Amino acid sequence: MDPQITFITSLQSHAAIIDPLMQFFAFIGQPEFSLLLIPLIVWCLDRQLGIRILLLVSLSGAICDIIKIAFHTPRPYWVTTEVQALGNYPSFGFPSGHAQNAVLLFGLIATWMKKAWISVVCVIFILLIGLSRVYQAVHYPLDIAGGFAVGLLLLLLYVKFEKPVGKFVKNQSIPMQITLSCMGSLILILLSFVALLSLGSWQVPLSWSTLAFLQSSIPIAPLIPHDTLTGAGLFFGSAVGAILASRYIPTIQKTSISVRILNYVIGMIILLGIWYSLKGYTQIEGIGYGVEYLRSILAGIWITGGAPIIFQKYVHCFR
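First things first, this report covers the structure right here in the doc. (Residues numbered from 1 in each chain as written. Predicted model: local features only at pLDDT ≥ 70, side-chain atom pairs only at ≥ 80, totals over all residues. Heavy atoms only, no water.)

So, the overall build of the protein chain
Stated formally: Numbered from the N terminus, helices here are DSSP runs of H or I no shorter than four residues, and strands are runs of E no shorter than two. Each radius of gyration reported is based on C-alpha atoms, and the globular scaling rule is 2.2 Å times the count of residues to the power 0.38. Only protein chains enter the calculation, and the probe is 1.4 Å; a residue is then buried if its accessible area is under 20% of its type maximum, exposed if over 50%, and partly exposed in between. Should any heavy atoms of two residues lie within 4.5 Å, those residues are counted as being in contact. Only the protein chains shown count as cover for residues, and all accessible areas are computed by the Shrake-Rupley method using a 1.4 Å probe.
For the protein chain, the count of helices and strands is 13 helices and zero strands. What you see in the protein chain, going N to C, is helices and strands ordered as α-α-α-α-α-α-α-α-α-α-α-α-α. Taking 2.2 N^0.38 as the reference for a compact globule, 319 residues should give roughly 20 Å; the C-alpha atoms of the protein chain span a radius of gyration of 20 Å, in line with that estimate. Seen along its three principal axes, the alpha-carbon backbone of the protein chain occupies a region of about 60 × 45 × 35 Å. By residue count, 48% of the 319 residues in the protein chain fall in the buried class. Pairs at least 24 apart in sequence give 80% of the contacts found in the protein chain among residues at least 6 apart. On the protein chain, roughly 15400 Å² of surface is accessible, and the fraction owed to carbon and sulfur atoms is 72%.

Structure representation (structure tokens):
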């Protein structure tokens with residue numbers, strides 16, 4: 001037996017004890033959790049940190065999807081019934097996007113807080129998020145290691161180049177800043193289609209699709225670059241929103257916790273409305289790709305620009 005499969009089955013044999021913990025950390029690694037957490041940081045805690053996290057996580061999501069297509073490897077529950085599908089995901093397995101984004105999200109939080117015990121907690125969260133995905137049989141341990149490696153590389157590159165790149169962009173006119181953001185977004189989408197073209201005539205084996213559906217009752221669609229479109233759209237939208245916010249609310253006003261909570265509730269109602277009202281249209285043939293990209297742009301603009309501007313101008317309560 002494959003030693004990676006043996007490791008997964010060993011984890012799952014302890015489900016009665018570890019399942020609640022593993023499912024909790026699997027949720028923390030989900031995009032839905034980021035959709036709840038990142039706006040909280042932007043609107044209520046530290047706007048600049050939240051924007052940095054959203055830009056980097058969006059970029060990471062698109063890059064991860066491109067790498068997945070290039071390697072086009074299966075998830076464990078696609079290829080064997082020796083493991084039980086305790087989660088599901090339609091894209092390819094390597095590298096793990098959840099592990100990759102966990103390194104970026106909690107890595108940035110650790111560098112922001114600059115406290116040893118918080119750094120330790122962040123490392124524990126990163127490791128348990130990775131382990132939870134192995135437990136769910138949606139990733140091999142090698143997928144997790146790959147996600148950690150790519151995430152760490154992106155984090156190191158970000159730390160090294162954030163200041164010079166930020167200074168260069170800041171010195172540009174607003175139209176040029178928006179143009180550069182759009183170009184970066186479109187390059188990500190172009191790279192995903194290059195990765196698809198590199199596969200040539202290769203098709204997803206029928207056995208993968210059949211077993212994946214048998215195990216999870218959810219069809220897979222690994223050759224549809226939804227995550228690239230989402231990441232590229234969020235990157236563009238959040239950049240545009242941040243540009244607008246820097247122009248219309250250059251200073252940050254402090255306010256009470258109760259008002260920040262009100263901001264968050266109002267902001268999330270509108271954000272979820274944007275996100276889920278358009279979700280059904282993303283599956284329509286012919287326009288689905290465009291809608292996926294558009295809703296991600298709108299969500300990004302709202303998080304980093306629309307909501308903060310409205311909070312300060314009309315509610316007078318943006319921190």
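Here's the deal with the state of the cysteines
Rules: The disulfide criterion is simple: two cysteine sulfur atoms within 2.5 Å.
Inspection of the entire model under this criterion finds zero disulfides. Of the cysteine sulfurs around Cys122, a residue in no disulfide, the closest is that of Cys44, at 19 Å. A relative accessible area of 5% means that Cys122 is categorised as buried.

Digging into the nonpolar core
What counts here: By convention a nonpolar core is built from buried Ala, Val, Leu, Ile, Met, Phe, Trp, Tyr and Cys residues, the set being connected through side-chain atoms within 4.5 Å.
One finds Trp43, Ile53, Tyr77, Trp78, Phe106, Ile220 and Leu271 to be the most contacted residues of the largest nonpolar core, which totals 63 residues. The element that contributes the greatest number of residues to this core is helix H6 (residues 97-113), accounting for nine residues. The contacts of Phe106, once residues within four sequence positions are left out, are Ile28, Cys122, Phe125, Ile126 and Ile129. Core analysis: the second largest hydrophobic core is formed by nine residues, Ala62, Leu188, Ile189 and Val240 among them.

What to know about a nonpolar patch on the surface
We apply this condition: To count toward a patch, a residue needs a relative accessible area over 30% and no salt bridge; like charges are then connected within 9 Å, while nonpolar side chains (Val, Leu, Ile, Met, Phe, Trp, Tyr) are connected within 5 Å. Basic side-chain nitrogens of Lys or Arg form a salt bridge, by our definition, when they fall within 4 Å of a carboxyl oxygen of Asp or Glu.
A cluster of nonpolar side chains, Ile257, Ile261, Leu262, Val265, Ile266, Ile269 and Ile270, forms an exposed patch at the surface whose accessible area comes to about 630 Å². When its relative accessible area of 61% is taken as the criterion, Ile257 is described as exposed.

Digging into the pattern of salt bridges
Enumeration over the complete set of coordinates arrives at two salt bridges. For Glu162, the salt bridge identified is with Arg52, shortest N-O distance 3.1 Å. With Glu162 in helix H8 (residues 141-170) and Arg52 in helix H4 (residues 47-71), this residue pair connects regions lying 110 residues apart in the sequence.

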